[in-house]
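What follows is the residue order along each chain.
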Amino acid sequence: TFDSYRQYCALWAPLCLEEARAQLLSEAISDIPYWRSKPDKSPIKVVLQPLKKDLDGSSENMGVQVKNVLTDNYKDRSFIANDIVLLLKKESYVWDAFKGNLFKEDVAAQKPSSMPATDKCKVLGIVGHIEYTRRSIEGITIQVSRKLWSQIGSQEMTLVRLGSNITALREFTALCRMDSIPLLDYILGSKMSHYSPERLK
């Protein structure tokens with residue numbers, strides 16, 4: 001049994017996060033082999049512009065909008081709210097990662113373990129989510145980290161769709177609202193404590 005709703009959430013919230021990560025990784029891995037053969041799945045180079053209303057904001061996130069697509073002969077595609085995308089400053093990062101060569105030089109150099117963590121970790125891209133459903137790439141709004149955008153954000157970046165976060169978001173929303181459902185006491189186990197193991201068989 002659980003002592004409270006908060007204790008129940010504290011147990012399940014990390015599991016929801018792990019499920020979301022696993023789902024995104026699965027979707028991304030299934031799409032990678034088709035980056036070159038299927039135009040609707042290939043990475044695209046876009047022109048981005050921060051939203052004016054977010055330029056002087058203080059929140060952790062900010063919105064950037066796709067103003068134009070620079071990739072020649074690209075195939076347009078739709079995005080739905082909460083799709084997860086990756087923005088990269090250099091398109092070569094995508095194809096180096098595709099070939100498994102992105103950090104090959106760093107591994108060959110065998111950097112010492114005493115090196116500061118800030119020097120070891122390279123920020124190559126920004127993960128963001130689509131704010132509103134849209135049937136074309138031009139005009140989509142992407143919510144990104146304000147801090148990361150200030151570090152590597154650029155007018156021209158390569159956009160890669162990683163997957164959808166809608167299922168994990170629904171599950172997490174339901175978890176957060178669970179304190180208002182009529183069966184809460186049964187879920188927490190407080191209403192079941194008077195049953196003996198023999199009666200439950």
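This text gives an overview of the structure that appears in the document. Computed from a prediction, not measured in an experiment: that's the story for all the values here.

1. Let's talk about the side chain of Arg77
With respect to the helices and strands, Arg77 occurs in the loop between β2 (61-69) and β3 (83-88). The buried charged residue Arg77 lacks any salt bridge partner; its closest oppositely charged side chain belongs to Asp76, at an N-O distance of 5.9 Å. Of note is the side chain of Arg77, whose polar atom sits 2.8 Å from the backbone oxygen of Pro39. In this structure the side chain of Arg77 is engaged in a polar contact, spanning 3.3 Å, whose partner is the backbone oxygen of Lys75. When residues no more than four places from it in sequence are discounted, the contact partners of Arg77 are Pro39, Asp40, Lys41, Ser42, Ile44, Arg135, Ser136 and Ile137.

2. Let's talk about the environment of Ile126
On the secondary structure map, Ile126 appears in strand β4 (residues 125-130). A sequence separation of 40 residues divides Ile126 from Leu86, and the C-alpha atoms of the two residues are 5.7 Å apart. With residues near it in sequence (within four places) discarded, Ile126 still touches Val85, Leu86, Leu87, Val144, Ser145, Leu148, Trp149, Ile152 and Gly153.

3. A word on a nonpolar patch on the surface
The grouping of Leu11, Trp12 and Leu15 at the surface amounts to a nonpolar patch, some 270 Å² of accessible area in total. Note that Leu11 resides in helix α1 (residues 5-31).

4. Observations regarding α1
Compared with the 39 Å implied by 1.5 Å per residue over 27 residues, the 38 Å span of α1 between its first and last C-alpha is a close match. Taken as a whole, α1 carries its principal kink of about 25° at Trp12; the proline Pro14 stands between one and four residues after it. Among the residues of α1, Tyr5, Tyr8, Cys9, Cys16, Ala20, Leu24, Ala28 and Asp31 are the ones counted as buried.

5. Quick notes on the packing of α1 against helix α6 (residues 166-176)
Relative to each other, α1 and α6 sit at 180°, their axes nearing to 10 Å. By the angle between their directions, the pair α1 and α6 is classed as roughly antiparallel. Each of Tyr5, Tyr8, Cys9, Trp12, Ala13, Cys16, Glu19, Ala20 and Gln23 in α1 lies in contact with α6, whose residues at this interface are Thr167, Ala168, Glu171, Phe172, Leu175 and Cys176. Its residues assigned to classes, the contact of α1 with α6 comprises 11 nonpolar, two polar and two charged.

What counts and what doesn't
- Residues numbered from 1 in each chain as written.
- Predicted model: local features only at pLDDT ≥ 70, side-chain atom pairs only at ≥ 80, totals over all residues.
- Heavy atoms only, no water.
- Helix = DSSP H or I, 4+ residues; strand = E, 2+ residues; numbered from the N terminus.
- Buried < 20%, exposed > 50% of the residue type's maximum accessible area, 1.4 Å probe, protein only.
- Lys, Arg positive; Asp, Glu negative; His and termini not counted.
- Salt bridge = Lys/Arg side-chain N within 4 Å of Asp/Glu carboxyl O.
- Polar contact = N/O pair within 3.5 Å; in protein donor to acceptor, adjacent residues only side chain to side chain.
- Contact = heavy atoms within 4.5 Å.
- Patch = residues over 30% accessible without salt bridge, like charges linked within 9 Å, V, L, I, M, F, W, Y side chains within 5 Å.
- Areas by Shrake-Rupley, 256 points an atom, 1.4 Å probe, with all protein chains shown as cover.
- Expected span 1.5 Å × (residues − 1).
- Bend = angle between axes of the 7 residues up to and from the residue.
- Axes fitted to C-alpha atoms, helices over the stretch in contact; angles between N-to-C directions.
- Parallel < 35°, antiparallel > 145°, perpendicular 65-115°, else oblique.
- Nonpolar A, V, L, I, M, F, W, Y, C, P; charged D, E, K, R; others polar.

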